[in-house]
Amino acid sequence: MNFEFSDEQQLLREQARGFLTEHCPTSAVRAVLDGDHDWDAMLWQKVVDMGWTATVIPEAYGGLGLSYYELAILAEEMGRSAAPLPFSSSVYLASEAIQRFGTESQKSEWLPKLASGECVATVAMTERPGQLALDQLEARRHGSSLTGHKVPVADAAIADVVVVLARSDAGLEACLVPITQTGVSIEPVLTFDTSRGHSAMTFDGAETQVLGNRTLQSEEWPRLLDGAAVLYAWEQLGVAESALTQARDYALQRFAFGRAIGSYQAIKHKLASMYVKNTLARSNAYYGVWALAEGSDELPLAAATARVAAIQASTFAAEENIQTHGGMGFTWEFDCHFYYRRAKLLSLTIGSEAVWQDRLVSALAARSAAA
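Residues numbered from 1 in each chain as written. Predicted model: local features only at pLDDT ≥ 70, side-chain atom pairs only at ≥ 80, totals over all residues. Heavy atoms only, no water.

This part takes up the pairing of strand β5 (residues 172-178). Where burial is concerned, most of β5 is hidden: six out of the seven residues are buried. Summarising the sheet, β5 and strand β8 (residues 209-210) pair through two bridges and their orientation is antiparallel. By the bridge assignment, Cys 175 is partnered in β8 with Val 210. (Buried < 20%, exposed > 50% of the residue type's maximum accessible area, 1.4 Å probe, protein only. Helix = DSSP H or I, 4+ residues; strand = E, 2+ residues; numbered from the N terminus. Pairing = 2+ DSSP bridges.)

Moving on, we get to the nonpolar core. Core analysis: the largest hydrophobic core is formed by 118 residues, its most contacted members being Trp 221 and Trp 234. Look past the residues within four positions of Trp 234 in its chain and what remains in contact with it is Phe 5, Ala 72, Ala 75, Glu 76, Arg 282, Ala 285, Tyr 286 and Val 289. (Core = buried A, V, L, I, M, F, W, Y, C linked by side-chain atoms within 4.5 Å. Contact = heavy atoms within 4.5 Å.)

Attention now moves to helix α1 (residues 7-23). For the α-helix, the turn length of 3.6 residues means that residues three or four positions removed from each other point alike. For α1, spanning 17 residues, the distance from its first C-alpha to its last is 24 Å, which sits close to the expected 24 Å at 1.5 Å a residue. Those residues of α1 not exposed but buried are Gln 9, Leu 12, Arg 13, Ala 16, Phe 19 and Leu 20. Taken down its axis, α1 places every buried residue within 135° of arc, on the same side. Summarising the geometry of α1, the exposed residues directed more than 90 degrees from the buried face are Asp 7, Leu 11, Glu 14, Thr 21 and Glu 22. (Expected span 1.5 Å × (residues − 1). Arc of directions from axis to C-beta.)

A separate point is the pairing of strand β7 (residues 198-207). Judged from the eight bridges that link them, strand β3 (residues 145-154) and β7 form a sheet pairing that is antiparallel. When the sheet's bridge partners are listed, Lys 150 is paired in β7 with Met 201. When strand β6 (residues 184-189) meets β7, the two strands line up antiparallel, connected through six bridges. Within β7, the residue paired with Val 184 across the bridge is Phe 203.

Within helix α3 (residues 41-50) the residues assigned to the buried category are Leu 43, Trp 44, Val 47 and Val 48. Down the axis of α3, the sector holding all buried residues measures 145°, keeping them to one side. Relative to its buried face, α3 has exposed residues pointing more than 90 degrees away, namely Met 42 and Asp 49. Next to the buried residues of α3 lie α1, α4 (68-81), α5 (87-101) and α6 (104-116). Backbone geometry just after α3 places Gly 51 at a positive phi near 85°.

Here we come to the packing of aromatic side chains. Evaluation of the coordinates by the stated rule reveals eleven aromatic pairs. Here Tyr 92 and Tyr 232 contribute two aromatic rings whose centre-to-centre distance is 5.1 Å and whose plane-to-plane angle is 85°, an arrangement assigned as edge-to-face. Of the two residues, Tyr 92 is situated in helix α5 and Tyr 232 in helix α7 (residues 220-253); the sequence distance between them amounts to 140 residues. Comparing Tyr 92 with Tyr 232, the two get one shared label, buried. Seen from their ring centres, Tyr 250 and Phe 334 are 6.4 Å apart, and the 80° between their planes marks the pair as edge-to-face. A residue pair is termed long-range when its members are at least 10 positions apart, and Tyr 250 in helix α7 and Phe 334 in the loop between α9 (299-325) and α10 (336-346) qualify at 84 residues. Judged by relative accessible area, Tyr 250 falls into the buried class, the value being 12%. Residue classification places Phe 334 among the partly exposed positions, given a relative accessible area of 25%. Ring pairing ties together the aromatic residues Phe 5, Trp 234 and Tyr 286, which thus form one cluster. The ring of Tyr 264 has Arg 259 sitting right over it, with the charged end atom 4.1 Å from the ring centre. Over the ring of Phe 316 we find Lys 277, and its NZ or CZ is 5.2 Å from the ring centre. (Phe/Tyr/Trp six-rings, centres within 6.5 Å; stacked < 30°, edge-to-face > 60°. Lys NZ or Arg CZ within 6 Å of the ring centre and 35° of its normal.)

Laid out in C-alpha cells, this is it:
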C-alpha cells in the first residue's frame, strides 16, 4: 500500500511552502510576538485568497470540496512556518462542527462565510485548563440563551462566532453563539505562545442556537476531536521538521575548536534522535489522515497514535534545537523559541499528551475486545 501523497498533492505542498516562505518568514512571526496583536491579519487574508480556508468545505457551500489529505498538507506547512493564524480553530474545529452537526439552514448560512474568510470561528470546550470530561461541563443552555464560562478559548478575540459545548435538560449540545453581542465578554489569557491568542469567555444570557437542533450522541464530539487530533499532528510534524532543519543548519555552520559542531558525536546523536522521532511521527500521521479521509473505524486508534507521537516529536525537536544552539538558543534574538513556544502550545490543545495516551489505551482495549 502506498501511503505517499499523489503528484498533485505534492504540488500543493510545494505551492504552500513557497507561499508561506515568502509571506510568513520568521520576521513576520517575530513582529506578532513583539507587537500588540496576536495574529497576522494581512497574512490571513492572503491565506483566504489562496482558498485554504475552503479546502474541505463542500462545493455546495462555497468550498473546494477537497479531501483531508490536502488539508493535512496545509496543516504541516502551517506548523513548519509557525504561522500566527487562527487556521486550526476556524478550519479543523469550528467549520467541522458546523458541517457535521448543523442543520441545512445553519450550514448554508455559516459555511460559505467561513470558506470565503468573511468570518472567523472558534470552539469553546473547556471550563478549566486540561478539562475534557464532557459530563462535567457547567455551561448551560435555557431556551435560546446560554450561561457559563469557558477558558482557554483559542482566537476568541478575533472570531466572529464560537461553537460552545454546553448542557441542557436534554443533554450535551453544540451551541452556535455570535460573539458581538452584550451577553458575551472576553478577557485575554496569557499563554506561552502569544502569536496565538487565547481568552476566557463568559456567557451571560447570550443568544444562541443549537447546531442541528438536537443533542449530541456520546461518540459524536470525540469523533470530531479525533479528526482534529490528526490535523494537529500534521501541524506538529511541521514544527518538528522546522526545528530539526534549523538545528542541522546551525550545526553545519557553527565552528568550535576548528570543526563544525555537527561533526561532534554529541550533536550527531541529538540530530539523529530528532530525525527518528520525526520519522515515527510522520508514519503515524499518515495512518491518521488515511483513517480520517477514508472514514475508517480505526480513526480513534489512528488519531490517538498520531497525536501522541506528534506531541513527543515536536516538543523533543524544539527542545533539542535550543540545546544545539547552546546558550544563544535561549535568547530572544534567535528564532529557536518560535518552534518551542508553538510545540508547547499545540501539545495542550484539545487535550494533553496524558489525555491522548488514555484515549490510545482505550482504543487498543476496544480493538482487543472486538478481536
